[in-house]
Amino acid sequence: MIDRHRLAELARAALPIVAVAVLALGLAGTLLAAGDTLGFDFKAYDTAIDRLAAGGPLYDMSYTQTGGFGLFYYPPTFAPLLVPWAFIGEPAATWSWIVLSIVAFVFGVGILPVSRSVRWWTLLLAGLSFPFVYAVKLGQVGPVLFLLFAVGWRGLDSAAGLGGSAALGAAIKIQPGLILVWALLTRRFRAVILGALVLAGLVAISTVMAGTGAWSDFLTLLRAVSDPITTPHNFTPGAIAFQLGLPVGVAAAIQVVNTILAVGAIVVAVRGAPDEAGYLVAVIASQLVSPILWDHYAMILLMPVAYLLSAGRWWAVVIPLMTAWPLVDIVPPIAYPVAFWVAVLAVLAVGRAAQDPRTNLGERWAV
(Lines give C-alpha, C1' and ligand atoms only; values in the text may rest on other atoms or scores of the structure.)
Protein backbone atom coordinates (compact mmCIF):
# COMPACT_ATOMS: atom_id res chain seq x y z
CA MET A 1 0.00 0.00 0.00
CA ILE A 2 1.30 3.47 -0.93
CA ASP A 3 2.23 5.63 2.04
CA ARG A 4 0.93 9.01 0.90
CA HIS A 5 2.44 10.80 3.87
CA ARG A 6 5.86 9.41 3.00
CA LEU A 7 5.45 10.38 -0.65
CA ALA A 8 4.51 13.90 0.40
CA GLU A 9 7.62 14.13 2.55
CA LEU A 10 9.81 12.94 -0.34
CA ALA A 11 8.19 15.46 -2.67
CA ARG A 12 8.86 18.28 -0.21
CA ALA A 13 12.48 17.20 0.13
CA ALA A 14 12.93 16.89 -3.65
CA LEU A 15 11.26 20.20 -4.57
CA PRO A 16 14.27 22.49 -3.88
CA ILE A 17 16.61 20.18 -5.80
CA VAL A 18 14.27 19.94 -8.77
CA ALA A 19 13.60 23.70 -8.73
CA VAL A 20 17.30 24.61 -8.76
CA ALA A 21 18.06 22.00 -11.43
CA VAL A 22 15.25 23.18 -13.73
CA LEU A 23 16.23 26.83 -13.27
CA ALA A 24 19.90 26.09 -13.94
CA LEU A 25 19.15 23.97 -17.01
CA GLY A 26 16.72 26.52 -18.45
CA LEU A 27 19.19 29.37 -18.03
CA ALA A 28 22.25 27.40 -19.14
CA GLY A 29 20.57 26.10 -22.28
CA THR A 30 19.35 29.56 -23.24
CA LEU A 31 22.60 31.39 -22.51
CA LEU A 32 24.81 28.83 -24.23
CA ALA A 33 22.67 29.00 -27.37
CA ALA A 34 22.42 32.81 -27.33
CA GLY A 35 25.25 33.57 -29.76
CA ASP A 36 25.19 37.19 -30.92
CA THR A 37 21.89 37.84 -29.14
CA LEU A 38 23.48 37.52 -25.68
CA GLY A 39 22.86 40.79 -23.86
CA PHE A 40 21.06 42.25 -26.90
CA ASP A 41 19.07 44.77 -24.84
CA PHE A 42 21.76 45.41 -22.25
CA LYS A 43 24.17 46.50 -24.97
CA ALA A 44 21.76 49.33 -25.78
CA TYR A 45 21.95 50.48 -22.15
CA ASP A 46 25.73 50.10 -22.15
CA THR A 47 26.14 51.95 -25.44
CA ALA A 48 23.97 54.81 -24.19
CA ILE A 49 25.90 55.32 -20.95
CA ASP A 50 29.24 54.95 -22.76
CA ARG A 51 28.11 57.53 -25.33
CA LEU A 52 27.09 59.90 -22.56
CA ALA A 53 30.37 59.36 -20.65
CA ALA A 54 32.27 60.23 -23.84
CA GLY A 55 30.48 63.58 -24.07
CA GLY A 56 27.80 62.55 -26.57
CA PRO A 57 23.99 62.51 -26.28
CA LEU A 58 22.18 59.89 -24.24
CA TYR A 59 19.86 59.03 -27.15
CA ASP A 60 20.50 58.02 -30.75
CA MET A 61 17.72 59.81 -32.63
CA SER A 62 18.15 57.88 -35.89
CA TYR A 63 15.68 55.12 -34.92
CA THR A 64 12.13 55.10 -36.25
CA GLN A 65 10.98 51.70 -34.97
CA THR A 66 11.60 49.70 -31.84
CA GLY A 67 13.28 46.29 -31.83
CA GLY A 68 16.51 47.32 -33.54
CA PHE A 69 19.93 46.69 -32.04
CA GLY A 70 21.29 49.49 -29.89
CA LEU A 71 18.00 51.35 -29.38
CA PHE A 72 17.87 52.98 -25.93
CA TYR A 73 14.50 54.56 -25.23
CA TYR A 74 14.28 54.38 -21.47
CA PRO A 75 13.81 57.59 -19.46
CA PRO A 76 16.87 59.71 -18.61
CA THR A 77 16.39 58.74 -14.95
CA PHE A 78 17.75 55.29 -15.84
CA ALA A 79 21.12 56.79 -16.74
CA PRO A 80 22.40 57.40 -13.18
CA LEU A 81 21.71 53.74 -12.36
CA LEU A 82 23.85 52.65 -15.32
CA VAL A 83 26.95 54.65 -14.38
CA PRO A 84 28.93 51.65 -13.02
CA TRP A 85 28.82 50.00 -16.46
CA ALA A 86 30.50 53.03 -18.03
CA PHE A 87 33.69 51.76 -16.38
CA ILE A 88 33.41 48.11 -17.44
CA GLY A 89 34.47 46.88 -20.85
CA GLU A 90 32.99 44.06 -22.91
CA PRO A 91 32.34 41.18 -22.46
CA ALA A 92 32.61 41.69 -18.68
CA ALA A 93 29.88 44.35 -18.76
CA THR A 94 27.35 42.01 -20.40
CA TRP A 95 28.13 39.09 -18.14
CA SER A 96 28.07 41.23 -15.00
CA TRP A 97 24.59 42.46 -15.97
CA ILE A 98 23.36 38.93 -16.64
CA VAL A 99 24.70 37.71 -13.29
CA LEU A 100 23.09 40.71 -11.61
CA SER A 101 19.78 39.88 -13.33
CA ILE A 102 19.82 36.28 -12.12
CA VAL A 103 20.78 37.28 -8.58
CA ALA A 104 18.12 40.01 -8.53
CA PHE A 105 15.42 37.58 -9.62
CA VAL A 106 16.43 34.83 -7.18
CA PHE A 107 16.62 37.34 -4.34
CA GLY A 108 13.24 38.73 -5.38
CA VAL A 109 11.71 35.26 -5.20
CA GLY A 110 13.41 34.73 -1.85
CA ILE A 111 11.71 37.73 -0.26
CA LEU A 112 8.22 37.09 -1.63
CA PRO A 113 5.78 37.02 1.32
CA VAL A 114 4.64 33.48 0.57
CA SER A 115 5.51 30.05 1.96
CA ARG A 116 8.88 28.48 1.29
CA SER A 117 7.37 25.81 -0.92
CA VAL A 118 5.69 28.46 -3.10
CA ARG A 119 9.07 30.16 -3.55
CA TRP A 120 10.59 26.88 -4.76
CA TRP A 121 7.68 26.38 -7.13
CA THR A 122 8.20 29.91 -8.45
CA LEU A 123 11.86 29.17 -9.18
CA LEU A 124 10.91 25.91 -10.87
CA LEU A 125 8.33 27.64 -13.06
CA ALA A 126 10.88 30.35 -13.89
CA GLY A 127 13.23 27.69 -15.23
CA LEU A 128 10.48 26.57 -17.61
CA SER A 129 9.35 30.10 -18.48
CA PHE A 130 10.41 31.34 -21.89
CA PRO A 131 9.77 34.98 -20.92
CA PHE A 132 12.14 34.67 -17.95
CA VAL A 133 15.04 32.87 -19.61
CA TYR A 134 14.66 35.08 -22.68
CA ALA A 135 14.71 38.25 -20.56
CA VAL A 136 17.93 37.09 -18.89
CA LYS A 137 19.52 36.22 -22.24
CA LEU A 138 18.68 39.64 -23.68
CA GLY A 139 19.90 41.43 -20.58
CA GLN A 140 16.47 42.98 -20.12
CA VAL A 141 15.41 44.92 -17.00
CA GLY A 142 12.59 42.48 -16.18
CA PRO A 143 14.47 40.58 -13.44
CA VAL A 144 15.44 43.87 -11.77
CA LEU A 145 11.83 45.06 -11.91
CA PHE A 146 10.76 41.72 -10.44
CA LEU A 147 13.02 42.38 -7.45
CA LEU A 148 11.65 45.91 -7.04
CA PHE A 149 8.06 44.66 -7.23
CA ALA A 150 8.90 41.97 -4.67
CA VAL A 151 10.34 44.60 -2.32
CA GLY A 152 7.14 46.60 -2.71
CA TRP A 153 4.92 43.59 -2.05
CA ARG A 154 6.86 42.65 1.07
CA GLY A 155 6.88 46.26 2.29
CA LEU A 156 3.32 47.31 1.50
CA ASP A 157 3.09 49.24 4.76
CA SER A 158 6.62 50.61 4.58
CA ALA A 159 7.07 54.01 2.97
CA ALA A 160 10.66 53.17 2.05
CA GLY A 161 9.88 49.68 0.77
CA LEU A 162 6.83 50.59 -1.29
CA GLY A 163 7.64 54.16 -2.29
CA GLY A 164 11.33 53.60 -2.91
CA SER A 165 10.87 50.46 -5.01
CA ALA A 166 8.06 52.01 -7.07
CA ALA A 167 10.14 55.13 -7.71
CA LEU A 168 13.15 53.12 -8.86
CA GLY A 169 10.90 51.04 -11.11
CA ALA A 170 9.41 54.19 -12.64
CA ALA A 171 12.91 55.65 -13.06
CA ILE A 172 13.87 52.60 -15.10
CA LYS A 173 10.72 52.13 -17.14
CA ILE A 174 7.97 54.71 -16.37
CA GLN A 175 5.04 52.23 -16.23
CA PRO A 176 5.84 50.93 -12.72
CA GLY A 177 4.90 54.45 -11.63
CA LEU A 178 1.35 53.03 -11.57
CA ILE A 179 2.33 51.54 -8.21
CA LEU A 180 2.57 55.09 -6.83
CA VAL A 181 -0.91 55.77 -8.24
CA TRP A 182 -2.17 52.68 -6.41
CA ALA A 183 -0.40 53.86 -3.25
CA LEU A 184 -2.11 57.24 -3.57
CA LEU A 185 -5.53 55.62 -4.04
CA THR A 186 -4.97 53.48 -0.95
CA ARG A 187 -3.88 56.55 1.07
CA ARG A 188 -0.28 55.50 1.49
CA PHE A 189 0.76 59.12 1.37
CA ARG A 190 4.17 58.67 2.99
CA ALA A 191 5.12 56.13 0.34
CA VAL A 192 3.93 58.48 -2.41
CA ILE A 193 5.88 61.42 -0.99
CA LEU A 194 9.05 59.37 -0.55
CA GLY A 195 8.69 57.95 -4.05
CA ALA A 196 8.22 61.44 -5.48
CA LEU A 197 11.35 62.62 -3.67
CA VAL A 198 13.40 59.70 -5.02
CA LEU A 199 12.17 60.39 -8.54
CA ALA A 200 12.84 64.11 -8.18
CA GLY A 201 16.39 63.35 -7.10
CA LEU A 202 16.96 61.06 -10.08
CA VAL A 203 15.44 63.63 -12.43
CA ALA A 204 17.85 66.26 -11.11
CA ILE A 205 20.89 63.96 -11.35
CA SER A 206 20.00 62.72 -14.84
CA THR A 207 19.39 66.27 -16.05
CA VAL A 208 22.82 67.33 -14.82
CA MET A 209 24.35 64.26 -16.48
CA ALA A 210 22.53 64.34 -19.83
CA GLY A 211 21.29 67.92 -20.12
CA THR A 212 17.76 69.25 -20.37
CA GLY A 213 17.66 68.30 -24.05
CA ALA A 214 17.68 64.63 -23.11
CA TRP A 215 14.07 64.92 -21.99
CA SER A 216 12.81 66.29 -25.30
CA ASP A 217 14.92 63.68 -27.13
CA PHE A 218 13.36 60.96 -25.00
CA LEU A 219 9.80 62.09 -25.72
CA THR A 220 10.51 62.49 -29.43
CA LEU A 221 12.08 59.05 -29.66
CA LEU A 222 9.31 57.47 -27.61
CA ARG A 223 6.66 58.82 -29.99
CA ALA A 224 8.62 57.56 -32.98
CA VAL A 225 9.13 53.97 -31.84
CA SER A 226 6.11 53.13 -29.66
CA ASP A 227 3.35 52.23 -32.10
CA PRO A 228 1.19 49.76 -30.10
CA ILE A 229 -0.50 48.34 -33.21
CA THR A 230 1.88 47.86 -36.14
CA THR A 231 5.16 47.22 -34.30
CA PRO A 232 6.37 43.73 -35.29
CA HIS A 233 6.53 41.04 -32.60
CA ASN A 234 4.44 43.18 -30.25
CA PHE A 235 2.00 41.30 -27.98
CA THR A 236 -0.45 44.01 -26.93
CA PRO A 237 -4.12 43.06 -27.51
CA GLY A 238 -4.30 45.71 -30.23
CA ALA A 239 -1.21 44.38 -31.98
CA ILE A 240 -2.51 40.81 -31.80
CA ALA A 241 -5.84 41.96 -33.28
CA PHE A 242 -3.96 43.66 -36.12
CA GLN A 243 -1.84 40.55 -36.71
CA LEU A 244 -5.04 38.50 -36.92
CA GLY A 245 -6.26 40.69 -39.79
CA LEU A 246 -8.41 43.36 -38.16
CA PRO A 247 -8.14 46.93 -39.53
CA VAL A 248 -5.74 49.33 -37.79
CA GLY A 249 -8.64 51.45 -36.48
CA VAL A 250 -10.38 48.47 -34.88
CA ALA A 251 -7.11 47.19 -33.44
CA ALA A 252 -6.37 50.65 -32.01
CA ALA A 253 -9.81 50.73 -30.39
CA ILE A 254 -9.14 47.33 -28.81
CA GLN A 255 -5.85 48.67 -27.45
CA VAL A 256 -7.55 51.71 -25.95
CA VAL A 257 -10.15 49.49 -24.30
CA ASN A 258 -7.37 47.26 -22.96
CA THR A 259 -5.64 50.25 -21.36
CA ILE A 260 -8.87 51.57 -19.86
CA LEU A 261 -9.72 48.15 -18.44
CA ALA A 262 -6.22 47.74 -16.99
CA VAL A 263 -6.49 51.05 -15.15
CA GLY A 264 -10.06 50.18 -14.20
CA ALA A 265 -8.87 46.91 -12.69
CA ILE A 266 -6.68 48.91 -10.30
CA VAL A 267 -9.67 50.99 -9.23
CA VAL A 268 -11.79 47.86 -8.75
CA ALA A 269 -9.01 46.30 -6.69
CA VAL A 270 -8.72 49.38 -4.50
CA ARG A 271 -12.45 49.31 -3.79
CA GLY A 272 -13.06 45.60 -3.44
CA ALA A 273 -9.89 43.59 -2.82
CA PRO A 274 -7.34 43.40 -0.01
CA ASP A 275 -4.20 45.49 -0.37
CA GLU A 276 -2.03 42.52 -1.29
CA ALA A 277 -4.23 41.63 -4.25
CA GLY A 278 -4.63 45.27 -5.23
CA TYR A 279 -0.89 45.78 -5.33
CA LEU A 280 -0.41 42.76 -7.58
CA VAL A 281 -3.16 43.94 -9.93
CA ALA A 282 -1.27 47.23 -10.20
CA VAL A 283 1.94 45.30 -10.94
CA ILE A 284 0.27 43.40 -13.78
CA ALA A 285 -1.43 46.54 -15.09
CA SER A 286 1.92 48.33 -15.18
CA GLN A 287 2.91 45.92 -17.95
CA LEU A 288 -0.48 45.77 -19.67
CA VAL A 289 -0.62 49.54 -20.26
CA SER A 290 2.71 49.51 -22.07
CA PRO A 291 2.31 50.36 -25.78
CA ILE A 292 4.98 47.76 -26.51
CA LEU A 293 4.37 44.44 -24.75
CA TRP A 294 7.28 42.17 -25.57
CA ASP A 295 6.91 38.48 -24.81
CA HIS A 296 9.56 38.58 -22.08
CA TYR A 297 7.44 41.07 -20.08
CA ALA A 298 5.32 38.05 -19.10
CA MET A 299 8.03 36.95 -16.65
CA ILE A 300 6.44 39.41 -14.18
CA LEU A 301 3.40 37.09 -14.07
CA LEU A 302 5.44 34.70 -11.92
CA MET A 303 4.70 37.06 -9.03
CA PRO A 304 0.88 36.94 -9.13
CA VAL A 305 1.19 33.22 -9.81
CA ALA A 306 3.04 32.91 -6.49
CA TYR A 307 0.14 34.75 -4.83
CA LEU A 308 -2.40 32.40 -6.40
CA LEU A 309 -0.41 29.34 -5.39
CA SER A 310 -0.18 30.66 -1.86
CA ALA A 311 -3.98 30.78 -1.84
CA GLY A 312 -4.12 27.13 -2.89
CA ARG A 313 -4.90 27.77 -6.56
CA TRP A 314 -2.72 25.08 -8.10
CA TRP A 315 -4.25 25.62 -11.52
CA ALA A 316 -2.31 28.91 -11.63
CA VAL A 317 0.78 27.02 -12.83
CA VAL A 318 -0.97 27.00 -16.22
CA ILE A 319 -0.31 30.77 -16.55
CA PRO A 320 3.50 30.50 -16.88
CA LEU A 321 3.29 27.08 -18.52
CA MET A 322 1.27 28.64 -21.36
CA THR A 323 4.48 30.39 -22.38
CA ALA A 324 7.01 27.71 -21.37
CA TRP A 325 10.09 27.47 -23.57
CA PRO A 326 9.32 23.88 -24.69
CA LEU A 327 6.09 25.28 -26.21
CA VAL A 328 7.54 28.45 -27.72
CA ASP A 329 6.90 27.34 -31.33
CA ILE A 330 3.46 25.95 -30.55
CA VAL A 331 1.66 28.54 -28.43
CA PRO A 332 0.04 31.32 -30.51
CA PRO A 333 0.88 34.99 -29.75
CA ILE A 334 -2.58 35.60 -28.31
CA ALA A 335 -1.54 33.47 -25.33
CA TYR A 336 0.44 36.43 -23.94
CA PRO A 337 -2.37 39.00 -23.48
CA VAL A 338 -4.63 36.14 -22.38
CA ALA A 339 -2.11 35.15 -19.69
CA PHE A 340 -1.96 38.74 -18.43
CA TRP A 341 -5.72 39.07 -18.21
CA VAL A 342 -6.20 35.65 -16.62
CA ALA A 343 -3.72 36.75 -13.95
CA VAL A 344 -5.57 40.03 -13.36
CA LEU A 345 -8.98 38.41 -13.06
CA ALA A 346 -7.71 35.52 -10.93
CA VAL A 347 -5.94 37.81 -8.46
CA LEU A 348 -9.05 39.97 -8.20
CA ALA A 349 -11.29 36.92 -7.67
CA VAL A 350 -9.04 35.33 -5.06
CA GLY A 351 -8.51 38.65 -3.30
CA ARG A 352 -12.23 39.38 -3.10
CA ALA A 353 -12.91 35.84 -1.91
CA ALA A 354 -10.32 36.28 0.83
CA GLN A 355 -12.39 39.13 2.23
CA ASP A 356 -15.53 36.99 2.38
CA PRO A 357 -15.94 35.85 6.02
CA ARG A 358 -17.77 32.74 4.80
CA THR A 359 -14.66 31.38 3.10
CA ASN A 360 -11.15 30.38 4.02
CA LEU A 361 -9.78 31.20 0.59
CA GLY A 362 -7.32 33.82 1.72
CA GLU A 363 -5.40 31.58 4.12
CA ARG A 364 -1.81 30.67 3.29
CA TRP A 365 -1.05 27.07 2.51
CA ALA A 366 2.23 25.49 3.54
CA VAL A 367 3.78 22.26 2.42
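This is a predicted model, so every value here is computed, not measured.

Participant: It is not clear to me how the pattern of salt bridges should be interpreted in this structure. Could you clarify?
Facilitator: A side chain of one charge can pair with a side chain of the opposite charge when the charged atoms of the two come close. Under the definition given, this model contains two salt bridges. Notably, a salt bridge pairs aspartate 157 with arginine 188, separated by 3.2 Å at the nearest N-O pair. Separated by 31 residues along the polypeptide, aspartate 157 in the loop between helix H7 (142-154) and helix H8 (159-173) and arginine 188 in the loop between helix H9 (178-185) and helix H10 (189-210) bring together distant segments of the chain. For arginine 188, a relative accessible area of 11% gives the class buried. Of the charged contacts, one joins aspartate 275 and arginine 188 as a salt bridge, the two residues approaching to 2.7 Å between their closest N and O atoms. You can see aspartate 275 sitting in helix H14 (residues 275-288) and its partner arginine 188 sitting in the loop between H9 and H10, a full 87 residues away along the chain. Look at aspartate 275 and you get partly exposed, because its relative accessible area is 35%.

Participant: Quick question: what am I supposed to make of the packing of H7 against H14 here?
Facilitator: At their nearest, the axes of H7 and H14 sit 10 Å apart, and the two run at 160° to each other. With respect to H14, the axis of H7 lies roughly antiparallel. Considering how the two elements wind past one another, H7 and H14 form a crossing that is right-handed. In this structure, H7 uses Leu148, Phe149, Gly152 and Trp153 to contact H14, whose residues at the interface are Glu276, Tyr279, Leu280, Val283, Ser286 and Gln287.

Participant: What exactly am I supposed to notice about the side chain of serine 165 here?
Facilitator: Locating serine 165 in the fold gives a position in helix H8. Classification of serine 165 as buried rests on a relative accessible area of 6%. Only 3.4 Å separates the side chain of serine 165 from the backbone oxygen of leucine 148, close enough to count as a polar contact. Aside from chain neighbours lying at most four places away, what touches serine 165 is Leu148, Val151, Gly152 and Ala160.

Participant: What am I meant to see in the environment of leucine 348 here?
Facilitator: Mapped onto the fold, leucine 348 is located in helix H17 (residues 335-354). Overall, leucine 348 belongs to the buried group, its relative accessible area being 10%. Look past the residues within four positions of leucine 348 in its chain and what remains in contact with it is Ala265, Val268, Ala269, Ala273 and Val281.

Participant: Teacher, can you tell me more about the environment of alanine 204 here?
Facilitator: Considering the arrangement of structural elements, one finds alanine 204 in helix H10. Sequence-wise, alanine 204 and threonine 77 are 127 residues apart; in three dimensions their C-alpha atoms are separated by 8.6 Å.

Participant: Hey, could you run me through unusual backbone geometry in this one?
Facilitator: Note: most peptide bonds trans; most residues except glycine with negative phi. Of note, the amide linkage connecting glutamate 90 to proline 91 takes the cis form, showing an omega dihedral of 0°. The residue proline 91 is located in the loop between helix H3 (79-82) and helix H4 (92-110) in this model. A positive phi angle is found at isoleucine 174, which is not glycine, with a value near 60°. By relative accessible area, which is 42% here, isoleucine 174 ends up partly exposed. Although it is not a glycine, arginine 187 sits at a positive phi angle of roughly 65°. Here arginine 187 lies in the loop between H9 and H10. Under the relative-accessibility criterion, arginine 187 is labelled exposed at 65%.

How each quantity is defined
- Within each chain, residues carry numbers counting from 1 in the order of the written sequence.
- Selection of residues for local features in this predicted model requires a pLDDT of at least 70, selection of side-chain atom pairs for listing and counting requires 80 or more, and totals for whole chains, interfaces and linings are taken over all residues.
- Calculation of side-chain values draws on the structure's entire complement of heavy atoms; hydrogens and water are dropped beforehand.
- Note on definitions: salt bridges are taken to be side-chain nitrogens of Lys or Arg within 4 Å of carboxyl oxygens of Asp or Glu.
- A run of DSSP states H or I qualifies as a helix once it reaches four residues; a run of E qualifies as a strand once it reaches two. Both are numbered from the N-terminal end.
- Exposure categories follow from relative accessible area, calculated using a 1.4 Å probe and restricted to protein chains: below 20% of the type maximum is buried, above 50% is exposed, and the middle band is partly exposed.
- All axes here are fitted lines through C-alpha atoms, helices being fitted over the stretch that makes contact, and every angle between N-to-C directions spans 0 to 180 degrees.
- Oblique is the label for any angle not under 35 degrees, not over 145, and not in the 65 to 115 range, which are roughly parallel, roughly antiparallel and roughly perpendicular in turn.
- The hand of a helix crossing depends on one turn: near helix anticlockwise from the far one by less than a right angle means left-handed, and clockwise means right-handed.
- By definition, residues are in contact when any of their heavy atoms lie within 4.5 Å.
- What qualifies as a polar contact is a pair of N or O atoms within 3.5 Å, subject to a donor-acceptor requirement within protein and to the restriction that residues adjacent in sequence count only when both atoms come from side chains.

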